[in-house]
Amino acid sequence: MPKLVNQNPLFYMLVMTIALSAYGQKKNEAFRLNIRKTNLPVVIDGVADDMVWKTTDVAKDFFMVLPMDEGKANERSEIRMTYDDKNIYLIATFYNTTKGKNFVESLRRDFSFGKNDNFLLFIDPFNNKTTGFTFGSNAAGAQWDGTMFAGSSVDLNWDSKWVSAVQRDEDKWVFEMALPFKSIRYKDGVKEWGINFSRLDLKSSEKSSWTPIGRQFPTSSLALAGVLVWDEPPPSPKVNFSLIPYTLGTIAEDINEQSDNELKVGGDIKFSLSSSLNLDLTINPDFSQVEVDRQVTNLDRFELFFPERRQFFLENADLFASFGYQDIRPFFSRRIGLGVPIRAGARVSGNLNENWRLGLMDMQTASVTSTGRPSQNFGVLSLQRKVFSRSSIGLMFVNKQSVSYPQEADSLKTVFPEFNRNIGLEYNLASADNLWSGKAFVLKSFAPNQRGNGLTQAANLEYKSRKWNWGLQEESVGEEYTAEVGFVPRRGYINLSAFAGHLFFPKKGKIVSHGPSLRTSYFFNSNFERTDNENSLEYEINFRNRSQLEFEGSKEFVELLSPFDPTRSGKDSLATGTRHRWNTLKIEYDAKPQSLFTYSLGAQYGGYYLEGTRLGLMAELGYRFQPFVSLSSNLSYNHLDMPAPWNTTEFWLIGSEVDITFTNTLFFANLFQYNEQSRNFNLNSRLQWRYKPASDLFLVYTNNQLISPLEGRSWSLTLKLNYWFNN
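These lines cover the structure that appears in this document, whether it is placed above or below.

1. Digging into the overall build of the chain
1) Next: For the chain, the count of helices and strands is two helices and 38 strands.
2) Next: Taking 727 residues into account, the globule formula puts the C-alpha radius of gyration at 27 Å, and the chain, at 26 Å, falls close to it.
3) Next: Projected onto its principal axes, the C-alpha coordinates of the chain cover approximately 75 × 60 × 55 Å.
4) Next: Counting across all 727 residues of the chain, residues that qualify as buried make up 51%.
5) Next: A total of about 32,400 Å² of accessible surface is found on the chain, and carbon and sulfur atoms cover 56% of it.
6) Next: Counting 79 positive and 80 negative side-chain charges, the chain places the centres of these two groups 4 Å from one another.

The following block contains the structure:
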């Protein structure tokens with residue numbers, strides 16, 4: 001294991017030098033919109049005929065972000081805002097300079113940004129340029145809401161109570177909304193918030209923003225937001241209490257044809273400890289209505305990552321889930337409740353003030369007598385301190401503790417250890433001008449035996465301008481490091497990687513940008529002996545109609561560190577220590593999103609283990625009868641040719657979805673999946689009626705069928721009702 005101190009002095013010197021220069025005034029401070037209180041009534045109907053809209057200030061003269069960020073937008077937009085004691089009101093008018101129908105995917109909430117004509121509002125109530133809220137709508141009236149973190153990232157799994165309406169005609173579309181103050185969190189007494197407005201118009205292939213933003217950045221970048229100026233501080237936040245009980249009934253049959261009927265009750269409680277800090281409690285939680293995972297063909301040597309989808313774990317999820325890297329996570333909430341019921345849980349999360357954020361979670365699971373799994377407690381502490389302009393220092397502590405074993409403990413402690421703990425410290429770099437970003441962290445694990453006591457550290461630095469994008473990264477994961485409540489699919493390695501890319505911008509023609517990028521990644525063992533590496537050269541072409549073409553050539557080397565079946569289908573395994581080299585060519589094309597029929601096509605061909613070959617084909621197809629029906633299909637085909645005993649292996653993966661949105665409160669989603677590699681057929685149908693804001697009725701049917709030579713079938717039908725009570 002390499003030393004952690006002064007391992008890369010030049011790298012850390014760069015990080016600190018940039019951090020020390022990260023002070024500075026907000027770049028778009030001059031863009032200020034005044035909001036004044038009104039005593040006049042506001043009717044949310046998408047029609048700008050209320051008297052209050054005659055006297056407000058107007059945010060207009062938007063800047064073009066895409067296809068090029070070199071002037072004002074061609075499509076005209078106007079935003080007006082006001083407020084009273086209960087709500088913030090906004091009306092947005094979007095004029096259609098380019099004639100034609102608006103493009104929308106469906107009426108489903110939290111739509112796909114790039115496939116819909118839409119308007120988005122971004123607000124930063126703490127002026128910390130890193131956290132906030134987003135609201136918006138597509139041109140058909142489907143709502144969008146989420147929390148913001150890490151300066152520009154959006155978590156759409158958060159839902160809140162608010163109302164909106166949309167009206168359209170040939171010349172424009174109008175969006176009007178009322179956002180209750182109690183639906184968001186903000187600091188008391190503050191008269192200036194960060195704010196920005198974004199519009200995507202697919203007819204003209206134009207994305208625009210109220211403040212000027214470089215095309216390499218998302219319009220959600222809070223560092224580039226303007227200022228919302230209140231004539232007096234918003235109403236002081238009041239104590240907000242919500243009770244969300246549920247009841248459900250399920251009939252089910254498992255793979256052994258054992259039937260089971262269940263009646264279950266539980267619920268959540270939300271309580272505002274302060275204007276920006278929430279307490280969430282859950283009792284006997286149920287997640288039967290949650291979307292199922294999209295299946296994939298897995299030819300990788302390591303465990304695949306599937307994102308968290310359960311609502312309780314998603315609000316302020318960045319406090320817990322963003323520590324570390326994608327493949328070095330000390331905490332991964334899907335490890336909680338894996339094959340065992342969750343009895344109860346509590347979470348405190350939010351902003352302590354404009355500089356401090358806190359996340360505290362505790363979950364309790366039940367014991368399982370049949371397997372000897374003990375009752376376990378999961379505790380997580382996350383604390384963040386803002387430093388410089390937008391950077392932060394974070395501390396995380398994760399504890400998994402076995403509380404009581406249902407059988408004799410000594411024989412079970414090797415399977416279910418008494419505890420596993422992780423503590424980590426992290427520095428996140430985000431420069432004031434948004435050009436520099438990076439991270440450096442160190443993690444230490446603790447376990448009852450030596451095997452689980454280890455160290456991990458990593459760091460990266462990235463620069464991103466309009467024309468240049470480059471970065472460096474290093475990782476060192478100890479062989480003894482363990483994170484039982486985390487996601488660390490690989491241990492005992494050192495990784496050094498880098499990338500660099502450049503874009504060219506033609507003045508005329510159908511191509512808006514094109515350019516190459518080079519990536520390299522080398523893995524070493526603890527003796528700094530190479531175990532595998534990959535080098536790739538890519539070239540991407542971006543068209544003005546938002547379609548994209550990409551070519552890639554790569555060269556790989558792998559020395560197996562453990563036995564591995566290259567088909568992952570139950571055939572023989574390659575021996576530890578065997579070495580393999582191959583080259584691969586890839587091509588991918590994403591069609592323009594404006595068409596009713598959309599598609600993405602990809603192919604790869606090259607070598608594989610034991611000088612074999614691999615052919616891969618991919619297609620994503622979609623058609624919409626807007627705004628009510630969206631059809632999509634994902635197709636994947638892999639053909640592997642290898643020496644005996646593997647010979648020829650073929651895998652099909654088919655996923656088809658029918659998404660029907662009868663209204664913006666009644667949805668019917670159907671997902672069919674066929675995975676030849678795992679020999680599984682899956683069907684999931686989910687009917688959702690949002691009969692009141694944030695209150696739902698679900699009817700969910702699932703069916704899993706194993707394919708020959710495997711046998712078995714399981715299915716379930718669940719009816720679930722929840723209701724959101726507010727004070």
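2. A closer look at the pattern of salt bridges
1) Next: The tally for this structure, following the rule as stated, stands at 34 salt bridges.
2) Next: A salt bridge links E657 to R294; the nearest nitrogen and oxygen atoms lie 2.9 Å apart. With E657 in strand 33 (residues 648-661) and R294 in the loop between strand 16 (277-283) and helix 2 (318-321), this pair connects stretches of sequence that are 363 residues apart.
3) Next: Residue class for R294 comes out partly exposed when judged on its relative accessible area of 29%.
4) Next: In this structure, the salt-bridge partner of R519 is E538, at a minimum N-O distance of 3.9 Å. With R519 in strand 26 (residues 511-524) and E538 in strand 27 (residues 530-543), this residue pair connects regions lying 19 residues apart in the sequence.
5) Next: Taken together, the shared-partner salt bridges connect D117, R199, D201 and K203 into one network.

3. Regarding the nonpolar core
1) Next: Ranked by internal contacts, the top residues of the largest apolar core, which has 37 residues, are I79, M81, L90, F119, F135 and F197.
2) Next: Among all residues touching F197, those that are not within four sequence positions of it are L33, A59, F62, I79, M81, L90, F119, L120, L121, S208, S209 and W210.
3) Next: In terms of nonpolar packing, the next biggest core, distinct from the first, is built from 26 residues, I328, I342, M363 and A458 among them.

4. Focus: the packing of aromatic side chains
1) Next: Under the defined criterion, the tally for this structure stands at 41 aromatic pairs.
2) Next: Measuring from centroid to centroid gives 5.8 Å for F31 and F63, while their planes differ by 75 degrees, and the two rings are edge-to-face. In this pair, F31 is assigned in the loop between helix 1 (9-20) and strand 1 (32-37) and F63 in strand 2 (residues 63-66), connecting sequence segments 32 residues apart.
3) Next: Judged by its relative accessible area of 24%, F31 falls in the partly exposed class.
4) Next: Aromatic side chains F111 and W144 sit 5.3 Å apart centroid to centroid with 40 degrees between the ring planes, which places their arrangement in the tilted category. In this pair, F111 sits in the loop between strand 4 (87-95) and strand 5 (118-124) while W144 sits in strand 7 (residues 143-149), placing the two residues 33 residues apart along the sequence.
5) Next: On the basis of relative accessibility, which here comes to 6%, the residue F111 falls in the buried class.
6) Next: Residue W144 is classed as buried on the basis of its relative accessible area of 6%.
7) Next: One cation-aromatic arrangement involves R347 over F312; the distance from NZ or CZ to the ring centre is 4.7 Å.
8) Next: Across the ring face of F499, the terminal group of R519 is positioned such that the distance to the ring centre comes to 4.8 Å.

5. So, a nonpolar patch on the surface
1) Next: A grouping of L596, F597, Y599, L601, L621, Y623, F625, L631 and V658 is seen on the molecular surface, where their side chains present a nonpolar patch of about 720 Å² in accessible area.
2) Next: Counting only elements with at least two residues in the nonpolar patch, the list comes to strand 30 (597-608) and strand 31 (612-625).
3) Next: In this fold, L631 is placed in strand 32 (residues 629-641).
4) Next: Residue classification places L631 among the partly exposed residues on the basis of a relative accessible area of 31%.

6. Here we look at unusual backbone geometry
A negative phi angle characterises most non-glycine residues, just as the trans form characterises most peptide bonds.
1) Next: Of note, the amide linkage connecting L66 to P67 takes the cis form, showing an omega dihedral of 10 degrees.
2) Next: Mapped onto the elements of the fold, P67 is located in the loop between strand 2 and strand 3 (77-83).
3) Next: Positive phi is not limited to glycine here, since S205 has a value of about 55 degrees.
4) Next: Looking at the secondary structure, you find S205 in the loop between strand 11 (192-201) and strand 12 (206-209).
5) Next: A residue is classified by how much of its surface remains accessible, and S205, at 9% relative accessible area, is buried.

7. Here we look at the pairing of strand 20 (residues 391-404)
1) Next: Direction of pairing for strand 19 (residues 375-387) relative to strand 20: antiparallel, over a ladder of 13 bridges. From the neighbouring strand, Q384 faces strand 20, where its bridge partner is G394.
2) Next: Linking strand 19 back to strand 20 in an antiparallel pair, the connection comprises three residues, with F388 at a positive phi of about 55 degrees.

8. A few points about the environment of V442
1) Next: Note on placement: V442 falls in strand 22 (residues 436-446).
2) Next: C-alpha of V442 to C-alpha of Y605: the two residues are 163 residues apart in sequence and 39 Å apart in space.

9. A word on the side chain of S205
1) Next: A distance of 2.7 Å separates polar atoms of two side chains, one belonging to S205 and the other to Q594.
2) Next: Contact partners of S205, with chain neighbours within four places excluded, come to L66, P67, R544, N545, R546 and Q594.

10. What about the pairing of strand 11?
1) Next: The element strand 11 is extensively covered by neighbouring structure, given that nine of its ten residues are classed as buried.
2) Next: In this structure, strand 5 lies alongside strand 11, joined through seven bridges in antiparallel fashion. Bridged to F122 within strand 11 is N196.
3) Next: Two strands pair when backbone bridges link them, and strand 11 and strand 13 (residues 226-230) are joined in this way by four bridges, in the antiparallel orientation. By the bridge assignment, I195 is partnered in strand 13 with G226.
4) Next: Across four bridges, strand 11 lies against strand 12 in antiparallel orientation. Its bridge partner lying in strand 12, D201 is registered against E206.
5) Next: In sequence, strand 11 turns back onto strand 12 through a hairpin of four residues, with S205 there showing a positive phi of about 55 degrees.

Basis of the calculations
- Residues numbered from 1 in each chain as written.
- Predicted model: local features only at pLDDT ≥ 70, side-chain atom pairs only at ≥ 80, totals over all residues.
- Heavy atoms only, no water.
- Helix = DSSP H or I, 4+ residues; strand = E, 2+ residues; numbered from the N terminus.
- Rg over C-alpha atoms; globule rule 2.2 N^0.38 Å.
- Buried < 20%, exposed > 50% of the residue type's maximum accessible area, 1.4 Å probe, protein only.
- Areas by Shrake-Rupley, 256 points an atom, 1.4 Å probe, with all protein chains shown as cover.
- Lys, Arg positive; Asp, Glu negative; His and termini not counted.
- Charge placed at Lys NZ, Arg CZ, Asp CG, Glu CD.
- Salt bridge = Lys/Arg side-chain N within 4 Å of Asp/Glu carboxyl O.
- Core = buried A, V, L, I, M, F, W, Y, C linked by side-chain atoms within 4.5 Å.
- Contact = heavy atoms within 4.5 Å.
- Phe/Tyr/Trp six-rings, centres within 6.5 Å; stacked < 30°, edge-to-face > 60°.
- Lys NZ or Arg CZ within 6 Å of the ring centre and 35° of its normal.
- Patch = residues over 30% accessible without salt bridge, like charges linked within 9 Å, V, L, I, M, F, W, Y side chains within 5 Å.
- Pairing = 2+ DSSP bridges.
- Polar contact = N/O pair within 3.5 Å; in protein donor to acceptor, adjacent residues only side chain to side chain.

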